[in-house]
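Descriptive structure summary
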There are 2 protein chains.
Amino acid sequence: MSETSNVDLVIRGGIVLPMDDRSAFEGDVAIKGGEIVALGADLDFAASEEIDASGRVVLPGLVNAHTHECMERGWFEDLPFDVWLNDHALPKDRAYTPADQRAAALLNQAESIVSGVTTFVDMFRFPGEAASVAVDSGLRAVIAPQLIDSTPGVGETLETNLAFFEEWHGAGDGRVSAWFGPHAPYSCSGEALAAVGEAARARGTGIATHLAESRWEDSSIREKSGLSPAAYLDQVLGLGADVLVAHAVHVDVADIQLLADRDVAVAHCPTSNMKLGNGIAPIPELLEAGIRVGIGTDSIMTNNNLDLFEEMRQAALVAKLRREDPAVLPAWTILEMATIRGAEALGLADKIGTLEVGKRADLILIDLDRPHLWPLHRSESGFGNLVEHLVYSARASDVVGTVVDGQVLMADSTLRTLDLVEIRRVVQQQGDDLLRRAGAEAVVLERLGRRQL
Amino acid sequence: MSETSNVDLVIRGGIVLPMDDRSAFEGDVAIKGGEIVALGADLDFAASEEIDASGRVVLPGLVNAHTHECMERGWFEDLPFDVWLNDHALPKDRAYTPADQRAAALLNQAESIVSGVTTFVDMFRFPGEAASVAVDSGLRAVIAPQLIDSTPGVGETLETNLAFFEEWHGAGDGRVSAWFGPHAPYSCSGEALAAVGEAARARGTGIATHLAESRWEDSSIREKSGLSPAAYLDQVLGLGADVLVAHAVHVDVADIQLLADRDVAVAHCPTSNMKLGNGIAPIPELLEAGIRVGIGTDSIMTNNNLDLFEEMRQAALVAKLRREDPAVLPAWTILEMATIRGAEALGLADKIGTLEVGKRADLILIDLDRPHLWPLHRSESGFGNLVEHLVYSARASDVVGTVVDGQVLMADSTLRTLDLVEIRRVVQQQGDDLLRRAGAEAVVLERLGRRQL
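Nothing here was measured: the structure is a model prediction, and the numbers come from that model.

It is worth spelling out the interface of chain A and chain B at this point. Taken together, the contacts link 80 residues of chain A with 80 residues of chain B. When the two sides are added together, the surface that chain A and chain B hide from each other amounts to roughly 6700 Å², 57% of it contributed by carbon and sulfur. Counting the contacts that link chain A with chain B gives twelve salt bridges. Between glutamate 324 of chain A and arginine 215 of chain B there is a salt bridge whose closest N-O contact spans 2.6 Å. For the interface between chain A and chain B, the tally reads 36 residue pairs in polar contact (both at pLDDT 80 or more).

Residue and element names in this part refer to chain A. As for its placement among the helices and strands, threonine 119 is situated in strand β7 (residues 117-122). Assessed through its relative accessible area of 0%, threonine 119 is described here as buried. When near neighbours in sequence (up to four residues on either side) are disregarded, threonine 119 contacts Leu62, Val63, Asn64, Arg140, Leu346, Leu348, Ile352 and Asp362.

Attention shifts here to the pairing of strand β7 (residues 117-122) of chain B. Residue and element names in this part refer to chain B. In terms of residue burial, β7 counts as a mostly covered element, since six of its six residues are buried. One ladder, built from four bridges, connects strand β6 (residues 62-67) with β7; its direction is parallel. Across the sheet, residue valine 63 finds its bridge partner in β7, namely threonine 119. Direction of pairing for β7 relative to strand β8 (residues 140-143): parallel, over a ladder of four bridges. Bridge pairing links threonine 119 to arginine 140 in β8. For the crossover that starts at β7, traverses helix α3 (residues 127-137) and ends in the parallel β8, the hand is right-handed.

The relative placement of two packed helices is expressed as an angle between their axes plus a distance between the axes. All names here are of chain B. Their axes nearest at 10 Å, the elements helix α11 (residues 308-323) and helix α12 (residues 331-338) cross at an angle of 135°. The angle between α11 and α12 places the two elements in the oblique class. Read as a crossing pair, α11 and α12 show a hand that is right-handed. On α12, the residues that touch Leu308, Met312, Ala315 and Ala316 of α11 are Ile334, Leu335 and Ala338. Counted by class, the contact of α11 with α12 contains seven nonpolar, no polar and no charged residues.

So, about unusual backbone geometry. Residue and element names in this part refer to chain A. Omega for the bond connecting asparagine 303 with asparagine 304 falls within 30 degrees of zero, at 10°, which places this linkage in the cis form. In this chain, tryptophan 374 is followed by proline 375 through a cis amide linkage whose omega measures -15°. Mapped onto the secondary structure, proline 375 falls in the loop between β16 (363-367) and α14 (386-392). The residue phenylalanine 126 is not glycine, and still its phi comes out positive at about 45°. You can see phenylalanine 126 is positioned in the loop between β7 and α3 (127-137).

Rules of the game
Residues numbered from 1 in each chain as written. Chains lettered and ligands numbered in written order. Predicted model: local features only at pLDDT ≥ 70, side-chain atom pairs only at ≥ 80, totals over all residues. Heavy atoms only, no water. Contact = heavy atoms within 4.5 Å. Buried area = accessible area lost by both parts, 1.4 Å probe. Salt bridge = Lys/Arg side-chain N within 4 Å of Asp/Glu carboxyl O. Polar contact = N/O pair within 3.5 Å; in protein donor to acceptor, adjacent residues only side chain to side chain. Helix = DSSP H or I, 4+ residues; strand = E, 2+ residues; numbered from the N terminus. Buried < 20%, exposed > 50% of the residue type's maximum accessible area, 1.4 Å probe, protein only. Pairing = 2+ DSSP bridges. Right-handed = clockwise from strand over helix to strand, strands pointing away. Axes fitted to C-alpha atoms, helices over the stretch in contact; angles between N-to-C directions. Parallel < 35°, antiparallel > 145°, perpendicular 65-115°, else oblique. Left-handed = near helix turned anticlockwise from the far one by under 90°. Nonpolar A, V, L, I, M, F, W, Y, C, P; charged D, E, K, R; others polar.

In structure tokens:
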């Protein structure tokens with residue numbers, strides 16, 4: 001580039017890892033109108049803002065393919081699954097209010113920005129609150145209202161989902177996508193699933209759901225329908241490329257073939273699957289079948305944070321454990337799952353997931369000046385252990401800058417669109433209030449009592 | 001305390017979690033001569049130094065029960081176990097020099113201090129270098145030279161171990177303990193193991209080793225001896241309360257009973273066991289048998305960091321996964337394993353592991369002003385999700401202060417005993433040199449080539 005021209009933002013002198021077929025190089029990224037307009041060494045642009053990325057990795061922003069924006073971190077822990085679900089999680093969902101959900105969305109989106117997540121898929125209550133916060137936070141969001149009709153009052157309905165779609169789809173200059181979010185084959189009736197499928201397809205938007213998470217789900221769906229959860233969902237909802245399923249732990253060879261045939265995408269949530277004692281999804285087999293797989297943290301109830309670096313590592317580790325093979329799911333594939341493969345799973349690969357001219361500028365800066373990222377191999381051929389550092393050693397707190405759609409959401413570890421001091425106050429107050437209102441304080445106090453003995 | 005008296009250090013106004021039978025309280029910790037002399041609210045002491053701990057948790061320093069101080073982070077990744085061991089790890093060990101080991105010790109100890117690890121067990125080469133760095137860094141160290149006689153030139157010998165003991169045991173005002181470190185039942189001859197047992201017992205010091213890590217070890221020891229690895233080690237080395245074994249993945253009911261009968265301690269390294277595809281140690285069963293169990297990161301070759309918070313979480317998650325039971329190994333037990341149970345495993349529970357008057361002052365400060373640790377429950381009865389936050393959401397970078405033996409090694413995230421800028425320079429240079437000298441650069445370059453395709 002010899003000609004100086006004006007752009008909005010230049011990220012200067014970083015180690016750029018575009019996550020396409022190019023290897024990492026030292027150079028700049030130029031952004032105009034929210035779009036990447038150039039990548040290379042010593043770009044000759046005049047920019048409204050320059051960010052110094054020296055000593056930092058410039059990576060596509062991470063895609064959190066499955067979460068629920070909530071506040072119940074560390075409340076219901078170390079409990080048998082049925083007690084957790086029926087005695088605590090569902091009654092608490094019934095107590096949720098829009099004010100709770102606004103606080104939860106602020107907490108989750110602030111944590112996402114500081115953790116390097118630029119796009120997230122959210123399934124929970126009062127989706128308008130999450131969408132409204134996303135418009136302000138600057139994040140890219142896929143929001144699927146969590147529709148439940150088996151237990152009245154704990155989830156959203158087809159009517160609220162339709163109203164949400166009308167009001168919010170495409171908001172924030174297209175950053176917010178409104179999807180449909182039937183909770184699971186066991187918590188939605190066949191009629192509800194069919195109606196959701198019809199409504200989503202009439203509008204050309206996506207469907208996020210949970211599938212094959214637990215042994216209990218598997219046996220109860222088989223008992224009810226004579227089919228596996230995947231086959232049942234195909235029968236009642238209709239599986240297709242517009243469906244993103246979280247978990248896919250208990251799937252057999254026929255299920256995997258079905259998911260591949262229908263081009264269904266999968267959100268892998270290894271920490272949540274471990275913490276609830278549900279098992280390990282057969283990710284290498286899903287990838288071999290050609291299925292699009294992203295990585296999700298699941299909610300802070302079952303994770304308990306939104307650290308997608310940790311989740312990448314967990315995805316690699318559980319695969320090696322399950323196969324008893326240290327070579328399976330190497331670091332490069334894992335990093336793809338958190339970026340471009342995640343974008344593919346959400347149907348957004350034409351816009352995000354790699355750093356390429358013409359794509360939206362969703363990227364993060366990772367500081368390498370941390371002891372746990374030393375030493376770094378560097379040669380004429382490239383950086384020999386950079387990807388391995390990002391997958392096997394880095395953590396969310398190494399992220400120091402976050403850009404979405406060309407807007408700087410965090411620079412030098414300082415948030416620009418959200419006020420952390422105010423969010424902490426709101427979350428603490430609203431969280432305490434929800435804890436008491438939902439009758440959940442007894443749970444933490446009882447645990448405290450046992451610990452003191 | 002109504003009378004003002006002089007102490008060396010007071011940690012003021014933190015949320016103190018002593019990890020004995022008391023629950024967390026807001027207050028101070030007073031330290032004199034390296035010892036905790038008082039804990040409570042509003043202590044009336046004049047101190048040479050005061051550290052403001054408001055908004056921070058004051059926790060016993062973490063015990064890393066098993067590592068190898070090395071520099072090979074992200075070099076040999078995603079490889080079959082035999083290729084990793086025979087083609088890369090062992091040849092590289094042969095290339096190690098004392099200068100390499102000094103750089104490795106600086107890197108590992110700096111990372112440990114910033115990560116909240118106050119005591120570590122190290123097994124590797126040129127132990128005098130590690131001990132010398134520990135004297136300077138201020139950390140508490142158990143150093144067991146890694147003795148290997150099956151493959152000459154890749155490990156230490158009984159002679160170097162004896163010389164190390166004579167020179168370094170008790171150094172750093174008693175912070176450095178010299179142990180014996182026979183590598184494993186398969187890499188040491190029966191004669192070497194017997195000689196080590198005799199030498200260690202004659203000196204009243206401990207023995208660190210690896211046991212029952214892989215299926216391959218299990219079958220090869222059974223083939224050689226007709227015994228399980230645990231029974232074989234009991235026969236040749238003699239198991240006892242002075243033995244700390246890392247891994248204990250492939251142990252059956254009889255092995256567990258043997259380890260319990262002999263009062264052997266175990267260092268649990270879940271990330272390493274997953275990453276190498278070795279399996280999950282039966283920790284709940286070991287604890288139920290009364291065995292002392294601590295948590296170790298293992299080396300940065302197989303982890304790839306020294307984040308004991310992440311390792312705590314991993315210990316909880318793999319247990320829940322293995323048992324398909326979310327209630328097993330609750331957060332409190334896990335936090336004990338990283339503190340007091342770890343101290344017990346090292347035979348140091350009379351000195352460290354809890355915050356009690358009369359114990360050595362090894363403690364860390366954890367900053368709660370991070371979105372991933374919100375909201376925090378607080379009531380008259382105590383902090384209802386504090387322990388859960390520390391185990392299920394916190395990370396090494398939340399540690400902002402580290403004190404060992406009453407000496408402040410880090411305050412407000414700034415190291416006092418080590419120079420990070422200089423360490424980065426030394427580690428980068430020495431690491432690059434070792435990579436080339438050991439003929440290992442081809443491995444990272446070959447991986448890079450494959451990734452570009």
